Amino acid sequence: MKDMIVLAAFLLPVALTAQSIDPQAKPQPGVRFELRPGPLVPGPVPLDKEPGDDITIRPDGAIVATSRSRSFVFPLTNRMEPVLRVSYRIVNNRVLYDYTLSNGASAAEPISSFMLGIAGEAEVTVPEPWKAIRVKRPFEPPSFGIGRALPDSEFFKGLLTAGASLTPIRVLCDDAPGLIEATYYPSPVKEPLGEMKDGEFINSASPWVQRRLTELDTADRHHLRGLAIGPVTPLNADSIEVIRKEIQTASQRPQLAALQLQIRNQPFPEEKTGLSRWLADARKQASPGILSEFLDAMIWRLVRLP
């Protein structure tokens, strides 16, 4: 309505002026408005291949790029098999989480570090030579980064190779369990001394090859994202309504899409007894994995409520 009022305020003087014009009067000098086409916004500049430019993807996922008589292999490094197990319990009115991180027996890449999307304050302890640090990045929620703190001479020490485990990882905080994100990173690729580095190849490659590498060698080729159970809601602020909202939010995740069907098929209760039955029914139907772990966390929280 405000925009309409402003528009009317501009149109009203024009209408009044039009009514006062004498059709017999001679043209009067004034201001003339002309519409002319402005400069076109430049689109993407087409990049043509140079002689010898080539990019192929091998069966193992590696990208082989050739440009200006040089070739380089960009390997696929996200072939990890992380399995993060967690248990939690109340200790002195706080929540203690115990994590075990394993890399699957058939993993082709070791796990070198990982991030847990823990936004609240927490005390995180990990075994040597691993360390935990608080990570804060612009436009991203806070998290904890967990990785090895070692000199280059011990580059391979403590890596989670296929079949290896890291335990215990302990998180002590005031927050009840819910759904968090976890991101896993492999060991950085180390080219032999004297060999060309990836940055050197990219900087010397043709514009066509540089653009294709930007399109093909995306970040998701070099890490894995997943869901886990971790601290999300302050114990002293938990409630049935908070739990219901978390379930509804979690149901939007593709990994927990079965919750949407449960919500459609059964009324979503607002009182404790009904919600407890609803969660128990959902848990019976859930297959092992993040969905059943999430439902266990919601049941754990609901039981604690008065």
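If you're wondering where the values come from, they're calculated on a predicted model, not measured in any experiment. (Residues numbered from 1 in each chain as written. Predicted model: local features only at pLDDT ≥ 70, side-chain atom pairs only at ≥ 80, totals over all residues. Heavy atoms only, no water.)

A. Highlighting the overall build of the protein chain. Scanning the protein chain for helices and strands turns up seven helices and 12 strands. Looking at the protein chain as a whole, 35% of its 306 residues qualify as buried. Within the protein chain, contacts between residues separated by at least 24 positions form 69% of all contacts whose residues are at least 6 apart in sequence. When the accessible area of the protein chain is evaluated, it comes to approximately 19200 Å², of which 58% is carbon and sulfur surface. (Helix = DSSP H or I, 4+ residues; strand = E, 2+ residues; numbered from the N terminus. Buried < 20%, exposed > 50% of the residue type's maximum accessible area, 1.4 Å probe, protein only. Contact = heavy atoms within 4.5 Å. Areas by Shrake-Rupley, 256 points an atom, 1.4 Å probe, with all protein chains shown as cover.)

B. Main features of the pattern of salt bridges. Under the criterion given, the structure shown has 18 salt bridges. Where lysine 131 meets glutamate 128, a salt bridge forms, and the shortest distance between an N and an O atom there is 2.7 Å. For glutamate 128, a relative accessible area of 60% corresponds to the exposed category. Across the pair arginine 244 and glutamate 241 runs a salt bridge, and its minimum N-O distance is 3.4 Å. With arginine 244 and glutamate 241 both in helix 4 (residues 240–250) and three residues apart, the pair spans about one turn of that helix. According to the relative accessible area criterion, arginine 244 is buried, its value standing at 8%. Under the relative-accessibility criterion, glutamate 241 is labelled partly exposed at 39%. Here the residues in one salt-bridge network are Arg89, Asp98 and Arg170, joined through shared partners. (Salt bridge = Lys/Arg side-chain N within 4 Å of Asp/Glu carboxyl O.)

C. Expanded view of the packing of helix 6 (residues 272–285) against helix 7 (residues 290–304). Contact pair helix 6 / helix 7: the axes reach a minimum separation of 10 Å and the direction vectors enclose 160°. Classed by the angle they form, the pair helix 6 and helix 7 counts as roughly antiparallel. In the packing of helix 6 onto helix 7, the handedness of the crossing is left-handed. In this structure, helix 6 uses Lys272, Leu275, Ser276, Leu279, Ala282 and Arg283 to contact helix 7, whose residues at the interface are Ser292, Leu295, Asp296, Met298, Ile299, Leu302 and Val303. For the contact of helix 6 with helix 7, the residue count by class is eight nonpolar, two polar and three charged. (Axes fitted to C-alpha atoms, helices over the stretch in contact; angles between N-to-C directions. Parallel < 35°, antiparallel > 145°, perpendicular 65-115°, else oblique. Left-handed = near helix turned anticlockwise from the far one by under 90°. Nonpolar A, V, L, I, M, F, W, Y, C, P; charged D, E, K, R; others polar.)

D. Region of interest: the sheet that holds strand 1 (residues 54–57). Sheet architecture is open: three strands sit in the order 1-2-3, paired in antiparallel fashion. At either end of the open sheet lies a strand with only one pairing partner, and these are strand 1 and strand 3 (70–74). In this sheet, adjacent strand axes meet at a mean angle of 15° when their direction is disregarded. Packing against the sheet, helix 3 (residues 207–216) makes contact with strand 1, strand 2 (63–67) and strand 3, and its axis sits at approximately 20° to strand 1. (Pairing = 2+ DSSP bridges.)

E. Spatial organisation of the environment of valine 209. Residue placement: valine 209 occurs in helix 3. Its relative accessible area of 0% is what places valine 209 among the buried residues. Residues valine 209 and lysine 49 lie 160 residues apart in sequence; the distance between their C-alpha atoms is 7.6 Å. In this view, valine 209 contacts Asp53, Ile55, Ala65, Thr66, Ser67 and Phe201; residues no more than four positions away in its chain are not counted.

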